[in-house]
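What the coordinates show
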Amino acid sequence: MMRRKEGRAGFLFALPWLFGLLAFMFYPLLMSLYYSFCDYSALRSPVWIGTDNYSELFHDEVFWTCVKNTILYACVSLPLGMVIAIGLAMLLNTNVKGMTVYRTIFFIPSLVPMVSLAMLWLWILNGDYGVLNTALGSIGIKGPNWLSDVSWTKPALILMSVWGVGNAMLIYLASLQDVPTSLLEAAELDGANAWQKTRNVTLPMISPVIQFNMVMGIIGSLQVFAIPFVMFPGGTPARSTYFYAMYLYDNAFSYSRMGYASAMGWILFVVILLLTLIALKLSNRHVHYGGV
Amino acid sequence: MVSLLSCATAVPSAMSKLSDLFIPGLISLSLLALAGTELRSHPTEDETKTHIAVWVGWSGFEYDAFQSVVNDYNKSQNKVFVDLLSITGNSTKTLISTSAGIPPEISLLSAAEIPQFADAGAIEVLDDACKQYGWTEDKYVPGYWNVLQYQGHTMALPATPSTVALHYNTRILSQAGYSKPPETIEEMDEMVDKITKVVDGKVKLAGFLPAEPGWWRWSWGPYFGGHLWDGKSMITMNTPENLRAMKWVESFSRKFGPAQIESYKSGFGVFASPENAFLADKVAMEVQGVWMHNFIQKYNPKLKWLAAPFPYPKDRPDLKGHTIIEQDIFVLLKNCKHRKEAIDFLAYLQKQGPMEKLCLGQKKSSPLRVKSPEFWAKHDNPCIHLFDDMAYNKSCFSTPKIGIWPEYEAEIGNALDEVSLLRKTPEDALRDIDARIQPKLDQYLNRLDKRRRAGK
Amino acid sequence: MTAKKLSTTLTHVALVTLSCVFIFPFLWLLDTAVKPISETMKQPPVWIPSKFEFGNFWEAVNYGSDKVGYIPFLVYAENTVMLAILVVTGTVVSNAIVAYSFARLRWWSRDIIFAVTLATMMVPFPVMMVPTFTIFKHLGWIGTYRPLWVPAWFGSAFSIFLLRQFFKTIPFELSEAAKIDGAGEWKIFRSIILPLSKPALSVVALFSFMGTWNDFLGPLIYLLRQETFTLSLGLEFYHSKAGGTQWNLLMAATSIVILPVLVVFFFCQKQFIKGISITGIK
């Protein structure tokens, strides 16, 4: 009797989400799948065309350019971001004076709105007189033309993404504070140095968090959109910064090819699913659920 | 577990009381917020007059000029009130709202967007209204009238027109020994070689740069007499004239080096500032529109300049006096609520008085053939007659009337990037454009046809 | 002893250097905000403004007030605040209720559905963009704020996950004791679980607030009329495509936009860190 009551309560409590799952998740996903097999523009009803969108994508040079750009970006920004976020978190975890100030400083970048961020960086990254190149110049390095040199536009964006690690860093910091000091002290007594402690105690203890952030990072970096959308419209120069989500948006809203865009969306979804599963499987070996 | 509880209860009791109100507080606030957002997104309408919505992408002084015309209209009668809105990204927003079934009555687009909107079935054909109100070809400057036509129908009405010309810095030109602007491309190339200064591998002054301002990247082909499509179903990028144009664009990178040009360009300031490349004597000649005069007056009135039609290739004198026709246009959206009132407003705008007021306020020429003497007198652009005359020229051109123009344009832009960076040869670039866009056009026309036949 | 001192000093040095690098763009932002317009675009860049135009902040808020059809900056702020309130409330309330169900109640297929919930975090936004737009179009909600806040009242995978982890750490004995006293699930939820969950709830509230405050794509697609725009879109207003971007005012406006979140974060960081650590994304 109690079980039945609990079961019903459980279901009722979960109702908002269950409705949300159906209405805002499953239904759109299925519709999106349907649209991907259609010729559909916002103003006209969908017309079934079978796999034409998919075969067109396969032969679409711009599609492959975007795929390449997005993968390159993700492959560099993700590991780089993780290393820096963890490193920063470890630095901040040392009970230094002024912790609150430091934490705020590193967190600020994630607060700046997209438009301002884009404008700000357009200035900083200017090839001739931008602050970054001026700074590099003062130590004898001639900075490249970040905004118009095809080989340097992606690195510029990666640089900007690193600047925004504040969010991830907070999460690492929180998890570092949960690492039992007893374990660290024991390691010290055994004669471990800082690097060994890190490698054998700290990192394993926060490995679930690292794994979580990695998965979220894969999902996020493959969808990079807002900053390049504002800073490099159309992926200029020469589509060096044309990313997957940007081409998707252009197809949906600028070229009115929503079916085509939906096909792109599904391909992205499947890829993310596969990559996440692979990443989880490969990393599970290293993850320790020591936990509280 | 224990630490968790102690952590939670460690919060001082005052804070605790405050945070107890957290959720109830949020809920009450959100009721207020709900009321607020609903009111904001559904403004109450004044019942006494019919309201029509007019959306424009203009801002600043251009918007002000139109607002004053709208005010005149609103004051002149009591039945209809025009709600004028300035919308960033107006084309996309118009498309979105039309697809959502809530279009404005009238929207300001650019003539280049007509095919896309017409094919999508978003805008109304205006042939009947034209007949009713006498908006006929003979009333308008031919260049401006032609861009309103699509597949045999008039799809839009002029808002404000513009043409472009080669603006040149007379001081720099005379210092290099030239008292007249170049007439042919060959003359211009010679001038560019003479005027451009390169010191220590760095560009100090450029005679001309196709990339400055780089606003009409698709236009080089037509300037050399090329066509972007055959008017029916073939993309004709890979043709001799277009190739010649591409090679000419490439020649700048070959002469001065792509990296040097990029480096020079990054030192250019924002368009509307004294650091504008043309205003700051960094570029001696550039293609610009009829509005350029205002910016020169505002940011560097001391600049000595004049305008002339863009040069033509020596062996193509038939192209002499050519220009790009651009036009901001008004379209009537399908399924808008107050069609008749919207057309009446459009009729008001097409009258000479309001039209001249708007065009003068935006410092452009007028699309009507007949212009009042005051219009010319009040216009302070010294070259305004040139800009107006060019629109009568038979060799003036504008964007191709295809529905896939945005995608085609993006492709051309990309090709120009590749060629200017010397990453692709002009031949390859043009061939690639054709190869990529032709199938897209075929498919587009195909599907359009299927829909028409299925009655969708 | 000296080794420890050395490592502390090194840490200090590293932190200070890194902070300088990290805060530099923000300082540049503030620097530009107080410059007169002519100095914002000078090349080479001007570091110290010739005059400190603190009036820029006031001007940014009133920008364009002399122009006809101008939208007050404060209107954008109002819109964003109202929207944020609706989203944050919906997020906190709905996710708490749902997470309670996953954490403390047993019901048929609960764990399977939870796994599915986690899986939904992998669905990229672009794939949902078009059909979600179509749904709202059929509902007639385009141009209103509803597409931006109504979904928040139906739960979100990330917040459910966070709160479920947290709720699981509260001793079940507390619930048992209350049940023996005759309390129903809702009473237990409201009187016992919620009060103990403030750190976790505040984390959910903060992330949700930041998400709404800076959301760009949602408003871009769903809001049509200028006076309904939010701050993230409204900043675009200072950036005129025809040239003449008011850089100094844009940066001044940005500083004003960032300020509330910054202040909230600065004073509540300890609680947020605790909240994150306790939910233990493990």
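Residues numbered from 1 in each chain as written. Chains lettered and ligands numbered in written order. Predicted model: local features only at pLDDT ≥ 70, side-chain atom pairs only at ≥ 80, totals over all residues.

1. Some remarks on the overall build of chain A
- A count of helical and extended segments in chain A gives 14 helices and two strands.
- Taken along its principal axes, the extent of the C-alpha atoms in chain A is 75 × 70 × 30 Å.
- Residue burial in chain A is summarised as follows: out of 292 residues, 46% are buried.
- Considering only residue pairs separated by 6 or more positions, chain A has 67% of its internal contacts joining residues 24 or more positions apart. (Helix = DSSP H or I, 4+ residues; strand = E, 2+ residues; numbered from the N terminus. Buried ≥ 20, exposed ≤ 12 C-beta atoms within 10 Å, placed from the backbone. Contact = placed C-beta atoms within 7 Å.)

2. Observations concerning the overall build of chain C
- When helices and strands are tallied, chain C shows 14 helices and zero strands.
- Ordered by position from N to C terminus, the α and β elements of chain C give α-α-α-α-α-α-α-α-α-α-α-α-α-α.
- With 282 residues in all, chain C has 49% of them scored as buried.
- If you take every contact in chain C between residues at least 6 apart in sequence, the share linking residues at least 24 apart comes to 75%.

3. Points about the nonpolar core
- One finds Met169 and Tyr172 of chain A together with Val331 of chain B to be the most contacted residues of the largest nonpolar core, which totals 280 residues.
- Once residues lying within four places of it in the same chain are set aside, the contact partners of Tyr172 of chain A are Ala85, Ile86, Ala89, Ile206 and Val209 of chain A. (Core = buried A, V, L, I, M, F, W, Y, C linked by C-beta atoms within 7 Å.)

4. Regarding the domain arrangement of chain C
Residues and elements named next belong to chain C.
- Each assigned domain of chain C is listed with its residue range as follows: domain 1 (2–61) and domain 2 (73–279).
- Centre-to-centre separation of domain 1 and domain 2, based on C-alpha positions: 31 Å.
- Counting from both sides, the interface comprises 14 residues of domain 1 and, opposite them, twelve residues of domain 2.
- Elements represented by at least two residues in the side of domain 1 that touches domain 2 include exactly helix H1 (2–33), helix H2 (37–40) and helix H3 (55–61).
- For the side of domain 1 that touches domain 2, the leading source of residues is H3, giving five residues.
- Of the residues in the side of domain 1 that touches domain 2, the class split is eight nonpolar, three polar and three charged. (Domains from an automatic or database assignment. Nonpolar A, V, L, I, M, F, W, Y, C, P; charged D, E, K, R; others polar.)

5. With respect to unusual backbone geometry
Residues and elements named next belong to chain B.
- With an omega of 0°, the peptide bond between Glu212 and Pro213 qualifies as cis.
- Position of Pro213 among the secondary structure elements: in the loop between strand E8 (202–208) and helix H11 (220–223).
- Of note in this structure, Lys363 is not a glycine but carries a positive phi near 60°.
- Along the chain, Lys363 falls in the loop between helix H16 (352–361) and helix H17 (373–378).

6. Observations regarding the interface of chain C and chain A
- Across the boundary between the two partners, chain C contributes 71 residues, which contact 74 residues of chain A.
- Counting residues per element, the ones that place at least two in the side of chain C that touches chain A are H1, helix H4 (73–104), helix H5 (110–120), helix H6 (125–139), helix H13 (231–234) and helix H14 (247–279) of chain C.
- Of all the elements, H14 of chain C adds the most residues to the side of chain C that touches chain A, at 13 residues.
- Across the side of chain C that touches chain A, the residue classes tally to 49 nonpolar, 17 polar and five charged.

7. What to know about the pairing of strand E2 (residues 80–86) of chain B
All names here are of chain B.
- Sheet analysis places strand E1 (residues 50–56) next to E2, joined by seven bridges and oriented parallel. Bridging across to E2, Trp55 finds its partner in Leu85.
- At this point the chain moves from E1, through helix H4 (residues 60–76), to the parallel E2, and the crossover so formed is right-handed. (Pairing = 2+ DSSP bridges. Right-handed = clockwise from strand over helix to strand, strands pointing away.)

8. Section: the environment of Arg316 of chain B
All names here are of chain B.
- In this structure, Arg316 sits in the loop between strand E10 (305–308) and strand E11 (325–332).
- By the C-beta count within 10 Å, which is 17 here, Arg316 ends up partly exposed.
- Sequence separation between Arg316 and Ala129 is 187 residues; the distance between their C-alpha atoms is 40 Å.

9. Focus on the confidence of the model for chain A
- Residue-level pLDDT values for chain A average 85, and 98% of them are 70 or greater.
- Looking over chain A, one finds the lowest element-wise mean pLDDT in helix H5 (residues 114–124) of chain A, namely 80, and the highest in helix H2 (residues 52–58) of chain A, namely 94. (pLDDT = per-residue confidence, 0-100.)

10. Quick look at the environment of Pro161 of chain B
- Assignment of secondary structure puts Pro161 of chain B in strand E6 (residues 157–169).
- Setting aside anything within four residues of it in sequence, one finds Pro161 of chain B in contact with Tyr144, Gln327, Lys364, Ser365, Pro367 and Ala391 of chain B.

11. Digging into the pairing of strand E3 (residues 106–110) of chain B
All names here are of chain B.
- In terms of residue burial, E3 counts as a mostly covered element, since four of its five residues are buried.
- Bridge count between E1 and E3: two bridges; the pairing is parallel. Bridge pairing in E3 places Val54 opposite Ile106.
- Taken together, the five bridges between E3 and E11 define a ladder with antiparallel strand orientation. Bridge pairing in E11 links Ser107 to Val331.

12. Overview of the packing of helix H12 (residues 240–256) of chain B against helix H19 (residues 405–420) of chain B
All names here are of chain B.
- Their axes nearest at 8 Å, the elements H12 and H19 cross at an angle of 40°. With respect to their mutual orientation, H12 and H19 come out oblique. Contacts between H12 and H19 involve Met246, Val249, Glu250 and Ser253 from the first element and Leu416, Val419 and Ser420 from the second.
- Of the residues that constitute the contact of H12 with H19, the class distribution is four nonpolar, two polar and one charged. (Axes fitted to C-alpha atoms, helices over the stretch in contact; angles between N-to-C directions. Parallel < 35°, antiparallel > 145°, perpendicular 65-115°, else oblique.)

13. Section: H16 of chain B
Residues and elements named next belong to chain B.
- Buried residues of H16: Pro354, Met355, Glu356, Leu358 and Cys359, and no others.
- Considering only its buried residues, H16 is in contact with H4, E6, helix H15 (339–350) and H17.
- Trailing H16 by a residue or two, Lys363 shows a phi angle of about 60°, which is positive.

14. With respect to helix H14 (residues 258–284) of chain A
- Taking 1.5 Å per residue, 27 residues should reach 39 Å; H14 of chain A reaches 38 Å between its end C-alpha atoms and fits that length.
- Here H14 of chain A has its buried residues at Met258, Gly259, Tyr260, Ala261, Ser262, Ala263, Met264, Gly265, Trp266, Ile267, Leu268 and Ile272 of chain A. (Expected span 1.5 Å × (residues − 1).)

15. Concerning the confidence of the model for chain C
Residue and element names in this part refer to chain C.
- On average, chain C scores 80 in pLDDT, and the residues at 70 or more come to 87%.
- H2 is the least confidently modelled element of chain C, averaging 68 in pLDDT, while helix H7 (residues 146–149) averages 94, the highest of any element.
- If you check the scores for this complex, the pTM reads 0.85 and the ipTM reads 0.82.

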